[in-house]
Amino acid sequence: MTTDIRIDVWSDVVCPWCYIGKRRLETALSTFEHTGRVSVRWHSFQLDPTIPAGHREPVQQMLAKKVGAPAAQVRAMTAQVTDLARAEGLSYDLDRAVSVNTRDAHRLAHLAAGHGLGTEMHERLLKAHLCDAEIVDDPDTLVRLGAEVGVPAEETAEMLRGTKYAAEVDADIRDARRIGVNGVPFFVINQQYGLSGAQAPETILSALRKVV
């Protein structure tokens, strides 16, 4: 069957709303009458590209600085998103999650996409950061996570030693700016309909049916 319905998704692997949005997209596709015609392509986006390479900070501490809120308020915020994630079958552990620069993780996602494993890699990176408190800028961790979904370890290690796929990450981010993406997740269906945020499955489904 021809996959003539394309969904482009801009997402960051440390974004709690992006994992929720991914699950809601999957729910919509599970009830869409033409799911076999759909292809999904994941695109890089960095919530905070200014984080220095190698800098690591507990997410709770990072958020407290970013929003200028006391620790108790930040915990309440993350508890709320954790509850919403749980409703989608996700078990977040944001108390232990560590904020990092995600550029190398996105380069790995592009490498995986070349093996036909883009969706699987994006899923594993989201789970690693949000649920498992993995450090997703650590080279050894990225090699292991890639191998878990089928990316040859030696390819990942070689990529991380150089700059391969950096241009692809930059191109994704430029495209996001060009079409006005200010936050993620951001879904574009057949280059016709844009949906911002972790939309309800019914909203995604309605947009999908418009392109059939």
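Data block above holds the structure.
Computed from a predicted model, the values in this text were never measured in an experiment.

(A) Up close: the packing of helix α6 (residues 139-149) against helix α7 (residues 153-161). Put simply, α6 and α7 touch, their axes get as near as 8 Å, and they point 145° apart. Between α6 and α7 lies a crossing whose hand is right-handed. In contact with Pro139, Leu142 and Val143 of α6, α7 contributes Ala153, Thr156, Ala157 and Leu160.

(B) A look at unusual backbone geometry. Looking along the chain, the bond that leaves Val184 and enters Pro185 is cis, with omega of 5°. Take Pro185: it is sitting in the loop between α8 (166-178) and β5 (186-189). Even without being glycine, Tyr165 reaches a positive phi, approximately 75°. Note on placement: Tyr165 falls in the loop between α7 and α8. Even without a glycine there, the phi angle at Asn190 is positive, about 50°.

(C) Inspection of helix α5 (residues 118-130) at higher detail. The terminal C-alpha atoms of α5 lie 18 Å apart, and with 13 residues this matches the ideal 18 Å at 1.5 Å per residue to within 8%. Taking burial as the measure, the 13 residues of α5 include 10 buried ones, the bulk of the element. Taken as a whole, α5 has its buried residues at Gly118, Met121, His122, Glu123, Arg124, Leu125, Leu126, Ala128, His129 and Leu130.

(D) A look at the packing of helix α2 (residues 59-67) against helix α3 (residues 71-87). In contact at an axis separation of 9 Å, α2 and α3 are set at 110° when each is read in the N-to-C sense. By the angle between their directions, the pair α2 and α3 is classed as roughly perpendicular. Between α2 and α3 lies a crossing of right-handed hand. In contact with Gln60, Leu63, Ala64 and Val67 of α2, α3 contributes Val74, Arg75 and Thr78. Along the lines of polarity and charge, the residues of the contact of α2 with α3 split into four nonpolar, two polar and one charged.

(E) Just the pairing of strand β6 (residues 193-196), in detail. Inspection of the sheet shows β5 paired to β6 by four bridges, in the antiparallel sense. Residue pairing across strands places Ile189 opposite Tyr193, the latter belonging to β6. In sequence, β5 turns back onto β6 through a hairpin of three residues, with Asn190 there showing a positive phi of about 50°.

Calculation rules
Within each chain, residues carry numbers counting from 1 in the order of the written sequence. Thresholds applied to this predicted model are a pLDDT of at least 70 for local features of residues and 80 or more for the giving and counting of side-chain atom pairs; totals over whole chains, interfaces and linings are not thresholded and use all residues. The side-chain figures draw on all heavy atoms in the structure; neither hydrogens nor water molecules are used. Helix axes use the C-alpha atoms of the stretch in contact, all axes being lines fitted to C-alpha atoms, and the angles between their N-to-C directions lie in the range 0 to 180 degrees. Helix and strand assignments follow DSSP, with helices taken as H or I runs no shorter than four residues and strands as E runs no shorter than two, numbered in order from the N terminus. Handedness of each helix crossing follows the sense of rotation of the near helix against the far helix: counterclockwise by less than a right angle gives left-handed, clockwise gives right-handed. Residues count as neighbours in contact if any of their non-hydrogen atoms are within 4.5 Å of one another. Any helix carries an expected span of 1.5 Å times its number of residues minus one. When accessible area is computed with a 1.4 Å probe and restricted to protein chains, residues below 20% of their type maximum are described as buried, those above 50% as exposed, and intermediate ones as partly exposed. Orientation labels follow simple angle bins: below 35 degrees gives roughly parallel, above 145 gives roughly antiparallel, 65 to 115 gives roughly perpendicular, and whatever is left gives oblique. Charged residues are taken to be Asp, Glu, Lys and Arg, nonpolar residues to be Ala, Val, Leu, Ile, Met, Phe, Trp, Tyr, Cys and Pro, and polar residues to be all remaining types, Gly included. Strand pairing follows a simple DSSP-based rule, namely that at least 2 bridges must link the two strands.

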